[in-house]
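What follows is the residue order along each chain.
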Amino acid sequence: MRAALLGWAGATVVAAGIAWAQAAPPAPPPPPKPGTPAAYWLEAQQTVSGDSASARYARLAGRFPRHPTGEAALFELAEYHYARGDYQGARGEF
């Protein structure tokens, strides 16, 4: 009797664990509002072409120079210039 009870309880625990593991994942966060630094950053990050991304980072840094995202955009621009061999341009961005 005791073994049957433990077997039933164990099966219940396993079933509850499986149900919990199969619960729907949480919804993704909403996209950033247009015109915010986060929206410009996301747009630049999703750009495939290096020149287009560079222009988007420059626009972000120009519009939000004191925001942490604008400062990060300057760093991305410096890395872009350095990767292209434009060491003087990279130095100016850093």
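To be clear, the structure that these remarks concern was listed above.
This write-up is about the structure you can find in this document. (Residues numbered from 1 in each chain as written. Predicted model: local features only at pLDDT ≥ 70, side-chain atom pairs only at ≥ 80, totals over all residues. Heavy atoms only, no water.)

The next point concerns the pattern of salt bridges. The full count for this structure, using the stated rule, is three salt bridges. A salt bridge links Glu-43 to Arg-59; its shortest N-O distance comes to 2.8 Å. Pair noted here: Glu-43 is in helix H2 (residues 37-45) and Arg-59 is in helix H3 (residues 50-63), with a separation of 16 residues, a long-range link. For Arg-84, the salt bridge identified is with Asp-51, shortest N-O distance 3.2 Å. Here Arg-84 is found in the loop between helix H4 (68-83) and helix H5 (87-93), whereas its partner Asp-51 is found in helix H3, with 33 residues between them in sequence. Connected via shared salt-bridge partners are Glu-43, Arg-56 and Arg-59. (Salt bridge = Lys/Arg side-chain N within 4 Å of Asp/Glu carboxyl O. Helix = DSSP H or I, 4+ residues; strand = E, 2+ residues; numbered from the N terminus.)

Worth remembering: the numbers are spatial, not functional.
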